[in-house]
Amino acid sequence: MISAEENKSLMEVGPGTLMGELMRRYWMPLAAQAELDDNPTKAVRLMGEDLVLYKDKSGTYGLVDLHCPHRRADMSYGIIEECGLRCNYHGWLFDEKGNCTEQPFEGVAYPEANFKEKTPIKAYKIQPKAGILWAYMGPDPAPLVPDYDFLNEQGYKQIIYTDVPCNWFQCQENSIDPVHVEWLHTRWSKVLNPDAGISGLEPKAHAKVGFSEFDWGLQYHRVFEGDTEDNEQWTIGRVCLWPNALFTGFFEWRVPVDDENTLSFAWFNNRVPGDEPFEQERIPYWRSPLVDEKTGRWINTHIMNQDFIAWVGQNALADRTQEHLGGSDGGIIMMRRRMLEEAQIVADGGEPKAIIRDPEKNKNLYLPRQNRNGRGGPFAQQPDGRAPRNQHLSGQPQEIMDEMDKIWKERGAKPIKS
């Protein structure tokens, strides 16, 4: 059984905490690039710190303290300049490295004081990749943003945010839990919708589960009743991507907002028909709802929303000392142990798992994926020839579905014959 002290350590993400320092060694997806094209400043909260994300007129991205070091004004209402973000209260200007480059009154009235060199703003690194803005809050030198192979594949991409009111770690534990799929996503789905279910899959009982570790995370493997160990569910399994994501052919990051809140950041890529490469000029983004406005009840009609219900049901901070783990929980036990081990490595001055520094090794990193060359799962064309309809999401905007349908039609999608 996990101790109360270990449970507390796994959930704390603020500066100076055991897990907070581990998580600051990795790049975190924070926003869609397209979002800052629409609005160049955005107030964000990441690992217990209030910050503002911005894009200046030169195209440079920055992530700085939400509050100006002068009189603590809100920098998310700051003025975008050619180079940097200017506080709207007294005009102090800061660049993406946190340097104060201009203080209009102080610089004129008291130039000899050189006060601007003494008043930097807290700043963190931002790097764009695959339509995502990635944030790094750890010490220098920063590692490389991982170049996972699936991020480079052609297709119709979209980014989905959901604000989940619970700790990030109980969300990530879900990524190494195979049996929940049978009950939460198939059997419960059949109760909610007896005709078809929600996942589109018929319930199957688990006959065997197993767990393993590889360079970029952990994996769970399973055999359903009636299947054999030749099935990809066992030979490949599913990837619990280190340190805070699930990869099943698309990505779901569980980004720590603070101890009691998580940003679910999903990056989907639906393959597009045709042999010619396809790439969007802009990757759309949208925010998925949690609660049905009409009923006030949690939305349960999509796979990701079912996960949210399970996570939040453990309370904002799960009390793992009250659990009674079973044989299917071997992966959860493995992940908790490995997280604490890696966090201690950082505390002792070492480098944790899955850090990449050599550019030559950071090319198209292979992630195990079932049906790698097929069109099944979330990539399957619908029988009427329309683009895939993703059962993982709720509230998908109609304009995004219409755009996908248009692209698929233009590229020669054909109705599938039953």
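For the structure itself, look to the data block above.
For every chain, the first residue of the written sequence is number 1, and numbering continues from 1 along that sequence. Local features are withheld for residues below a pLDDT of 70 in this predicted model, meaning they are given only at 70 or higher, and side-chain atom pairs are given and counted only at 80 or more; totals for whole chains, interfaces and linings count all residues. Think of the side-chain values as coming from all heavy atoms in the structure, minus any hydrogens and water.

> Can you break down the overall build of the chain residue by residue, with the values?
The secondary structure listing takes helices from DSSP runs of H or I that are at least 4 residues long and strands from runs of E that are at least 2 residues long, numbered from the N terminus. Each helix and strand counted, the chain has 10 helices and 18 strands in total. Both definitions apply: the radius of gyration is a C-alpha atom measure, and the globule rule equals 2.2 Å times residues to the power 0.38. Taken over the C-alpha trace, the chain has a radius of gyration of 23 Å; the compact-globule value for 418 residues is 22 Å, and the two agree within 12%. By its C-alpha atoms, the chain is 80 × 55 × 50 Å across when sized along the principal axes. Looking at the chain as a whole, 54% of its 418 residues are labelled buried. Only heavy atoms enter the contact rule, under which two residues are in contact if any of them lie within 4.5 Å. For the chain, the proportion of contacts with a sequence separation of at least 24, taken over those separated by at least 6, is 65%. Methods summary: accessible areas were calculated by the Shrake-Rupley approach with a probe of 1.4 Å, and residue burial reflects only the protein chains presented. Carbon and sulfur atoms make up 50% of the accessible area of the chain, which amounts to about 19200 Å² in all. By the counting scheme adopted, Arg and Lys are positive, Glu and Asp are negative, and His together with the chain ends is not counted. Every charge is mapped onto a representative atom, which is NZ of Lys, CZ of Arg, CG of Asp or CD of Glu. Where the 47 positive side-chain charges of the chain centre and where its 63 negative ones centre are 3 Å apart. Type-normalised accessible area, obtained with a 1.4 Å probe on protein chains alone, sets the label of each residue: buried when under 20%, exposed when over 50%, and partly exposed for intermediate values.

> Just give me the short version of empty space enclosed by the protein, but keep the residues and values in it.
In the cavity and pocket records, a cavity denotes points on a 1 Å grid over the protein atoms alone where a 1.4 Å probe fits but cannot get out, a pocket denotes an open set with protein on both sides within 12 Å along at least 5 of 7 lines, and lining residues are residues with an atom within 4 Å of a point. Grid points are joined across faces, edges and corners, and a volume is the space filled by probe spheres set on the points. Tallying each qualifying case throughout the model produces 1 cavity of 30 Å³ or more. Taken as a whole, the largest cavity encloses approximately 150 Å³ of empty space. Together, 18 residues line the largest cavity, and Y26, W27, P146, Y148 and P243 are the ones closest to its centre. Among the residues making up the lining of the largest cavity, the classes are represented as 16 nonpolar, 1 polar and 1 charged. Residues are grouped as follows: nonpolar covers Ala, Val, Leu, Ile, Met, Phe, Trp, Tyr, Cys and Pro; charged covers Asp, Glu, Lys and Arg; every other residue, Gly included, is treated as polar.

> Let's hear about the side chain of Q396: which residues, and what values?
Tracing the backbone through its elements, the reader meets Q396 in the loop between α9 (330–347) and α10 (398–410). Ignoring sequence-local partners within four residues, the contact set of Q396 consists of Q158, W286, N390, M401 and M404.

> Go over the nonpolar core, please, and point to the residues and values.
In this structure, L46, L53, L63, F251, W253, W267 and M339 are the most contacted members of the largest nonpolar core, which totals 68 residues. Tallying contributions element by element places α9 first for this core, with 7 residues. Sequence-distant contacts of L53, that is, excluding residues within four places in its chain, are made with L30, A31, L36, P40, T41, K42, V44, G62, L63, I126 and L133. Take the buried residues of types Ala, Val, Leu, Ile, Met, Phe, Trp, Tyr and Cys, join any two whose side-chain atoms come within 4.5 Å, and each joined set is a nonpolar core. Judged by nonpolar contacts, the second largest core, of 23 residues, contains I160, V164, F308 and W408.

> Tell me about the pattern of salt bridges, residues and numbers included.
Only one rule defines a salt bridge in this text: a Lys or Arg side-chain nitrogen within 4 Å of an Asp or Glu carboxyl oxygen. The final tally for this structure, using the stated rule, is 32 salt bridges. With its nearest N and O atoms 2.9 Å apart, the salt bridge here joins R369 to E153. Of this pair, R369 sits in the loop between α9 and α10 while E153 sits in the loop between β10 (132–136) and β11 (156–164), and the two are 216 residues apart along the sequence. Judged by relative accessible area, which is 3%, R369 ranks as buried. Take E153: its relative accessible area is 22%, and that puts it in the partly exposed class. One salt bridge in this structure joins R287 and D163, with 2.7 Å as the shortest N-O distance.

> Outline the sheet that holds β10, listing residues and values.
Read from one edge of the open sheet, 6 strands run β1-β10-β9-β4-β3-β2, paired in antiparallel fashion. Across the chains shown, the open sheet's two edge strands, defined by having one partner strand only, are β1 (28–32) and β2 (41–46). Going from strand to strand, the sheet's axes swing by 30° on average, the running direction of each strand aside. Two strands qualify as a pair provided that DSSP identifies no fewer than 2 bridges between them. In this sheet, strand β4 (residues 61–65) lies alongside strand β3 (residues 49–55) in antiparallel orientation, the contact comprising 5 bridges. Among the inter-strand pairings, L51 is bridged to a residue of β4, identified as D65. Each axis is a line fitted through C-alpha atoms, taken for helices only over the stretch in contact, and angles between the N-to-C directions span 0 to 180 degrees.

> Mind laying out helix α8 (residues 303–312), listing which residues take part and the relevant values?
Within an α-helix, residues lying three or four positions from one another point in the same direction, as the helix has 3.6 residues per turn. Most of α8 is tucked away, with 8 of its 10 residues classed as buried. Looking at the buried residues of α8, the elements they touch are β11, α5 (168–173), α6 (179–192), β16 (251–258) and β17 (261–270).

> So what's going on with the environment of G237? Which residues, and what values?
When you line up the elements, G237 lands in the loop between α7 (232–235) and β14 (238–241). G237 sits 132 residues away from R369 along the chain, and the two C-alpha atoms are 7.6 Å apart.

> Mind laying out the sheet that holds strand β6 (residues 84–86), listing which residues take part and the relevant values?
With antiparallel pairing, 4 strands are arranged side by side in an open sheet as β5-β6-β7-β8. The sheet terminates laterally at β5 (79–81) and β8 (100–102), the two strands that pair on one side only. Strand direction decides the pairing type here: strand β7 (residues 93–94) and β8, joined by 2 bridges, are antiparallel. In the sheet register, F94 faces β8, and the bridge partner there is C100.

> Any chance you could break down the state of the cysteines for me, citing the residues and the numbers?
When two cysteine sulfur atoms are found within 2.5 Å, that pair is recorded as a disulfide. Taken as a whole and judged by the stated rule, the model has 0 disulfides. Here C83 stays unpaired: no disulfide links it, and the sulfur of C100, its closest cysteine neighbor, is 12 Å away. Given the relative accessible area of 44%, C83 is considered partly exposed. Of all cysteine sulfurs, the one in C166 lies closest to C171, which takes part in no disulfide; the gap is 3.7 Å.

> Before we move on, could you go through the environment of L36 and cite the residues and values that matter?
Structurally, L36 is set in helix α3 (residues 33–38). For the pair L36 and R287, spaced 251 residues apart in sequence, the C-alpha to C-alpha distance is 15 Å. Discounting chain neighbours no more than four positions away, the residues touching L36 are L53, Y54, K55, Y61 and L133.

> Describe the packing of α6 against α8, with residues and values.
Two numbers describe how α6 lies on α8: the axes approach to 11 Å, and their chain directions differ by 110°. Taken as axis vectors, α6 and α8 run roughly perpendicular relative to one another. Listed contacts from α8 to H180, L184, H185, W188, S189 and L192 of α6 are I303, Q306, D307, I309 and A310. Along the lines of polarity and charge, the residues of the contact of α6 with α8 split into 6 nonpolar, 4 polar and 1 charged. Angular relationships are summarised with four words: roughly parallel below 35 degrees, roughly antiparallel beyond 145, roughly perpendicular across 65 to 115, and oblique for the angles in between.

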